[in-house]
Each structure stands twice: as structure tokens, then as C-alpha cells.
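Residues per chain, in single letters:
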Amino acid sequence: MPDLLETAAEPNRRRLLQLLGRGERSVSELAENFPVSRSAISQHLLLLADVGLVRARKDGRRRYYSLDPQGMSQLRESLEMFWTTELDQLAADAAALARKNHPQENSDDH
């Protein structure tokens, strides 16, 4: 299964998620907002559906897409976990760099 963050990070797919945040849209309505083909938009939507961020409903010959609330919650959780991990690592790296650059401030000889 494709990675949720990686899938959502691609610029066209991010824009699709933003547009769908305003409500359900058909592929044609979505494609009007991009300089790429309708087929390319359909492929992006299929990837977003594969990871559970959007869902599709068929009405006659048209397919309508909307955000999947459960998938969007998972994306939010993944982002929060990613940033928490990244910020913890950044703080650890900064502390290690400070110890390396200023060893006298970290000694017990004061």
C-alpha cells in the first residue's frame, strides 16, 4: 500500500484534496483546475482513493469524488506524528551540536 504522506505530498494531489475540501466534485470539475489531462487527474484520484483519502461515487457515467473523513483523520495523525518525531530529532541534534561546540559549558568543573 502506498504511503499516506507520500501520496498526499505530491502537489497535484494536495491541490485535489484542497478542492475536495469544499465539497464533492466530478472528475471533469476537478480537471478544470489543472493544466494536465482529465486522465491524469483520474490517476491522481485513484491513488488518493487507494490510500483512503478520498472516496468515489458513481452516478450514471460520471464519477464524483469527496474527502474520506476517516482517511483525512489518519493523514492528520500521520502529520502530527511526523512533526513530533522530526522536532524531537531536531532538538536532540541541536543539543548535541551545542555540547560539541561548547564543551566547557557542559562540564562539571565550574
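Structure's up top.
Throughout what follows, the structure given in this document is the object of discussion.

Cut-offs and rules
Residue numbers run consecutively from 1 along every chain, following the written order of its sequence. Local features in this predicted model are restricted to residues of pLDDT 70 or higher, and side-chain atom pairs are both shown and tallied only at a pLDDT of 80 or more, whereas totals for entire chains, interfaces and linings draw on every residue. Hydrogens are left out, water is left out, and the side-chain values use all remaining heavy atoms of the structure. In plain words, nonpolar cores are sets of buried Ala, Val, Leu, Ile, Met, Phe, Trp, Tyr and Cys residues tied together by side-chain atoms within 4.5 Å. Type-normalised accessible area, obtained with a 1.4 Å probe on protein chains alone, sets the label of each residue: buried when under 20%, exposed when over 50%, and partly exposed for intermediate values. Helix and strand definitions follow DSSP, with helices as H or I runs of at least four residues and strands as E runs of at least two, each counted in order from the N terminus. Residue contacts follow a heavy-atom distance rule, with two residues in contact if any of their heavy atoms lie within 4.5 Å. Multiplying 1.5 Å by the residue count of a helix minus one yields the expected span of that helix. Whenever two N or O atoms come within 3.5 Å, that pair is a polar contact, provided that in protein one can donate a hydrogen and the other can accept it, and provided that, for residues adjacent in sequence, both atoms are side-chain atoms. Any carboxyl oxygen of Asp or Glu within 4 Å of a side-chain nitrogen of Lys or Arg constitutes a salt bridge here. To count toward a patch, a residue needs a relative accessible area over 30% and no salt bridge; like charges are then connected within 9 Å, while nonpolar side chains (Val, Leu, Ile, Met, Phe, Trp, Tyr) are connected within 5 Å. All accessible areas in this document rest on Shrake-Rupley with a 1.4 Å probe, and a residue is counted as covered only by the protein chains that are shown.

**Here we look at the nonpolar core**
And step 1. With 19 residues, the main nonpolar core has L16, L17, L30, I41, L45 and L53 as its most contacted residues.
And step 2. Elements supplying a minimum of two residues to this core: helix 1 (4-9), helix 2 (11-20), helix 3 (27-31), helix 4 (38-50) and helix 5 (69-101).
And step 3. With 4 residues, helix 2 is the single largest residue contributor to this core.
And step 4. Once residues lying within four places of it in the same chain are set aside, the contact partners of L17 are A8, L48, L53, V54, L67 and M72.

**A few points about helix 5**
And step 1. Compared with the 48 Å implied by 1.5 Å per residue over 33 residues, the 47 Å span of helix 5 between its first and last C-alpha is a close match.
And step 2. Lining the buried residues of helix 5 we find helix 1, helix 2 and strand 3 (62-67).
And step 3. The N-cap residue of helix 5 is D68: its side-chain oxygen and the backbone nitrogen of Q70 are 3.0 Å apart.

**Side note on the pattern of salt bridges**
And step 1. Evaluated as defined, the whole model comprises 1 salt bridge.
And step 2. For E24, the salt bridge is made with R57, and the minimal N-O distance between the two is 2.8 Å. Taken together, the residues E24 in the loop between helix 2 and strand 1 (25-26) and R57 in strand 2 (residues 54-59) connect sequence positions 33 residues apart.
And step 3. Residue class for E24 comes out partly exposed when judged on its relative accessible area of 34%.

**Considerations on a nonpolar patch on the surface**
And step 1. Side chains of L79, F82, W83, L87 and L90 sit close together on the surface and give an oily, nonpolar patch of about 510 Å² of accessible area.
And step 2. By the secondary structure assignment, L79 is in helix 5.
And step 3. Residue L79 is classed as partly exposed on the basis of its relative accessible area of 38%.

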